[in-house]
Amino acid sequence: MKHIDKWLNKNETFWNSLQVHCITECCGIDAFCFEEQTIKDAIKTENVKKLINNINLFNIEVIQSEITEVTSDVLHITENKKAFLERMYAIKNTILKMEKENKTITGHDLLALGYRQGKWMKDAIKHINTNKLLDSEMEAYLEQFKLPEPIPLHQEKVSFSVNIKAEHNEEIENVDKVINSMETLMKTPTLVDGAIMPDACPAGPDGTIPVGGVAVAKNAIHPGMHSADICCSVMLTDFGKIDPKIILDVAHKNTHFGPGGRDRDTQFRFPKKLLEAFETNFFLKDKQMVQIARAHLGTQGDGNHFLFVGTSKKTGNTMMVTHHGSRGPGARLYDKGMKVAERFRQILSPETKKQNAWIPFDTEEGQNYWDALQIIRQWTKTNHEVIHNSVAEALEIPIENRYWNEHNFVFKDGDLFYHAKGATPLDKKFMPDITGPRLIPLNMAEPVLIVEGETTTTNLGFAPHGAGRNVSRTRHRKSKSGSIMQIFKEETKGIDARFFSKEIDITELPSAYKNAKTVRAQMDEFNLGKVIDEVMPYGSIMAGDWQKNAPWKLKARAKKQLNNRGNKK
């Protein structure tokens, strides 16, 4: 016989609360009720954890003893060992069941079950607790939120083609940075191939695709690998035998450089079909996006974007080349795409660098984003066309030929997505609306190259997009000596170089870019396209240093002058 009251007395209130039929002194064990509701009422004032622990302890003691009977003054019972343990197990299981039913599921519980934190948790927890889902029911409901195992980075970088070499010390630093960044980039799980071009230069922290880089991903679109200037591109129009100065002068009156867009009185007509495409795409349909698309049509932005006029080396015809991207609409799409890609990154591959996050193509978001890219591509092409057409219409002259190509875009071939950040597509499969050869501008004092070429295993179907930079704008600016006007006159001798803002930007002069001859030589060496004609420079227009006289800077200068006058008094 084994007395277990030392354990029962630790929860005396609980056991006394089960006496509902009579009292133990009179009826013994029959005075107790072990039904679920009675137990539920009895544990309201109990520390359930301690109660369960005490039941476990005296069960263990009974099991380990050699007794055949258990006795208890608290329960007024003498009972064989087996029957007693069964009674205690039944009470314990009833308590545990009620605890489970009454338990409020929290985020910690879901994390303990192996689910990853996310926005879904709040609604899921509310649903589980409201509907009191337990065990298999809860598991069945949570199945929809199970995430795949995180996709790790490639242990070794995927090999890529290096179509560049350093010609002098300044280029060594640049090329080393480009290759190092590309090596980190090529550990991104989706990537299967890559290449860098002779005009390559770093574009961000380590692991960022360089300008002049190509990254091939399987079933994935990486917004960070086409960057904010989506579909940066070049278009050429052949105006025939006409004075290039006339073309440049008229183009100067019709184009628009700098921040913002055109006012209502000078806006071009927004094509109805293009407007409908914007309004039906998830990423492009918001009112502000459409307003910006209207206002920015026929604008070229700033930085290295230009309007170039020259003559064909082969025919002598006057040709105009514009270089710009998708302006405000493209920048807004990029921001939206990066946010969506980041959500996927956190779920699919947290190890992947943020700038290399991707949107899986086989998702609804992937399909919508791909469609949005095609619409932005069409908008950008139209953006070139309205500027070129306005010149022809103003002069009432025919257009003899026209072709264009983007060099900052994502190109699809089956389940492979070629991200070209500053790389010119040579392969016709990348351009469904191709009408001619490709264009590679170098700098304002050098010809625009007209090229064709074949796809090889090392060029992946691409060529350089220009001359590229060896150093940053700031470093280049600091390297120059003399006045801005002296530098400008020396570097633009023989060409009609203009800045739309009327302020010279020396970081866009020829010396800011890589040596054009070097780029051309490496194009030949690495089989990156064959030059079939050149547009010899007459003149060009760029935005210039528009920030010099930006409204906020004028306001700051005026305030400073006012303070200086006050100090003199």
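Since this is a predicted model, take the numbers as computed values, not measurements.

Caption draft 1: Up close: the pairing of strand 10 (residues 318-324). Of all seven residues making up strand 10, seven are buried, and the element is well covered by its neighbours. Neither face of strand 10 is open: one carries Thr-318, Met-320, Thr-322 and His-324, the other Met-319, Val-321 and His-323, and all of them are buried. Counted between consecutive antiparallel strands, the loop separating strand 9 (residues 306-312) from strand 10 contains five residues, among which Gly-316 sits at a positive phi close to 80°.

Caption draft 2: Main features of helix 19 (residues 516-525). Buried within helix 19 we find Ala-516, Thr-518, Val-519, Gln-522 and Met-523. Down the axis of helix 19, the sector holding all buried residues measures 160°, keeping them to one side. Seen from the buried face of helix 19, the exposed residues on the opposite side, beyond 90 degrees, are Lys-517 and Asp-524. Those residues of helix 19 hidden inside the fold are in contact with helix 10 (169-185), strand 5 (191-201), strand 15 (438-440), strand 16 (448-452) and strand 17 (462-464). The opening residue of helix 19 is Asn-515, an N-cap whose side-chain oxygen sits 2.9 Å from the backbone nitrogen of Lys-517. Once helix 19 finishes, Asn-527 follows within two positions and takes phi at roughly 55°, a positive value.

Caption draft 3: A look at the side chain of Lys-92. Following the sequence through the fold, Lys-92 ends up in helix 6 (residues 81-102). Engagement of the side chain of Lys-92 in a polar contact is seen with the side chain of Asn-56, the distance being 2.8 Å.

Caption draft 4: Spotlight on the nonpolar core. By size, the foremost hydrophobic cluster in this structure holds 95 residues, and its most contacted members are Phe-278, Leu-333 and Phe-462. The element that contributes the greatest number of residues to this core is helix 16 (residues 364-395), accounting for eleven residues. With near-sequence residues (within four places) excluded, Phe-278 lies in contact with Phe-270, Leu-284, Lys-285, Met-289, Val-290, Ala-293, Pro-329, Ile-375, Ile-376 and Trp-379. Listed in part, the 28 residues of the second largest apolar core include Trp-7, Ile-29, Ile-39 and Ile-91.

What counts, and where the lines are drawn
- Residues numbered from 1 in each chain as written.
- Predicted model: local features only at pLDDT ≥ 70, side-chain atom pairs only at ≥ 80, totals over all residues.
- Heavy atoms only, no water.
- Buried < 20%, exposed > 50% of the residue type's maximum accessible area, 1.4 Å probe, protein only.
- Helix = DSSP H or I, 4+ residues; strand = E, 2+ residues; numbered from the N terminus.
- Pairing = 2+ DSSP bridges.
- Arc of directions from axis to C-beta.
- Contact = heavy atoms within 4.5 Å.
- Polar contact = N/O pair within 3.5 Å; in protein donor to acceptor, adjacent residues only side chain to side chain.
- Core = buried A, V, L, I, M, F, W, Y, C linked by side-chain atoms within 4.5 Å.

No statement about biological role is implied by the geometric values presented.
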